[in-house]
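As a plain string of letters, each chain reads:
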Amino acid sequence: LTPKGDLEGYFGIPPFFMDINMDIIKLNKYTILYIILIVLINIGFSIVPLVPIFGEMFPPLSLAVGLIFVARDFAQREIGHKVIGAMVVAGLLSYVMADPYVALASITAFLISEFADWGVYTWTKKPFAQRILISSIISTPLDSGIFLAMIGHFSILNTILMTVAKMIGAIVVWKLVNNRKDT
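Rules used in this analysis
- Residues numbered from 1 in each chain as written.
- Predicted model: local features only at pLDDT ≥ 70, side-chain atom pairs only at ≥ 80, totals over all residues.
- Heavy atoms only, no water.
- Helix = DSSP H or I, 4+ residues; strand = E, 2+ residues; numbered from the N terminus.
- Polar contact = N/O pair within 3.5 Å; in protein donor to acceptor, adjacent residues only side chain to side chain.
- Patch = residues over 30% accessible without salt bridge, like charges linked within 9 Å, V, L, I, M, F, W, Y side chains within 5 Å.
- Areas by Shrake-Rupley, 256 points an atom, 1.4 Å probe, with all protein chains shown as cover.
- Salt bridge = Lys/Arg side-chain N within 4 Å of Asp/Glu carboxyl O.
- Buried < 20%, exposed > 50% of the residue type's maximum accessible area, 1.4 Å probe, protein only.
- Phe/Tyr/Trp six-rings, centres within 6.5 Å; stacked < 30°, edge-to-face > 60°.

Colleague: Any chance you could break down the side chain of S144 for me, citing the residues and the numbers?
Modeller: You can see S144 is positioned in helix α7 (residues 128-150). Side chain to side chain, S144 and T163 meet in a polar contact 3.2 Å long.

Now the structure itself:
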């Protein structure tokens, strides 16, 4: 039996439904990843405690947030300007699933910085890898400062630390994409 056959038998899912859903997943894999990452990070911000670094309280999940900005670039490459709808869906899911206080700060910071990221990605006619880096350089400090201010932990040092943490993720992905031949 194929894995699809196993799922059909186990869950009683009709074959045509599995084919449609698998096609949707294959066609929108980066968009789905983008939405899932946003929701999981926002839930994580509600659960993972802040840690002291250089006398400031730092959210360790900031290390993973840079990947969201890059995931948005891939999602936009996949679905075009419909990525704005994915932003809204992720924001609503985050508000429902995460701590509303953290989710509201995250959604606000995220929407402002993601629209900046979207704008840079959309209007910059550079190669894909360069757009990833440029859009992250602009959007990550916006996201960091707004988010930290809204949760009551704003400082220049915290904003710099959070921005650097996000940029590490963005630079890693940029380097991987930049080394590919089709960018």
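Having seen the structure, we can now continue with the description.
Colleague: Mind laying out a nonpolar patch on the surface, listing which residues take part and the relevant values?
Modeller: Residues V89, L93, Y95, V96, M97, L104 and M150 make up a contiguous nonpolar surface patch of roughly 640 Å² in combined accessible area. The element contributing the most residues to the nonpolar patch is helix α5 (residues 83-97), with five residues. Within the element layout of this structure, L93 appears in helix α5. Taking relative accessible area as the criterion, L93 reaches 34% and is therefore assigned partly exposed.

Colleague: Mind laying out the packing of aromatic side chains, listing which residues take part and the relevant values?
Modeller: With the rule as written, the count across this model stands at six aromatic pairs. Where F45 meets F147, the ring centres are 4.9 Å apart and the plane angle is 45 degrees; that geometry is what we call tilted. Here F45, found in helix α3 (residues 29-47), pairs with F147, found in helix α7; they are 102 residues apart in sequence, far enough to count as distant. Their ring planes at 85 degrees and their centres at 4.9 Å tell us that F74 and F128 sit as a pair that is edge-to-face. In this pair, F74 sits in helix α4 (residues 62-79) while F128 sits in helix α7, placing the two residues 54 residues apart along the sequence.

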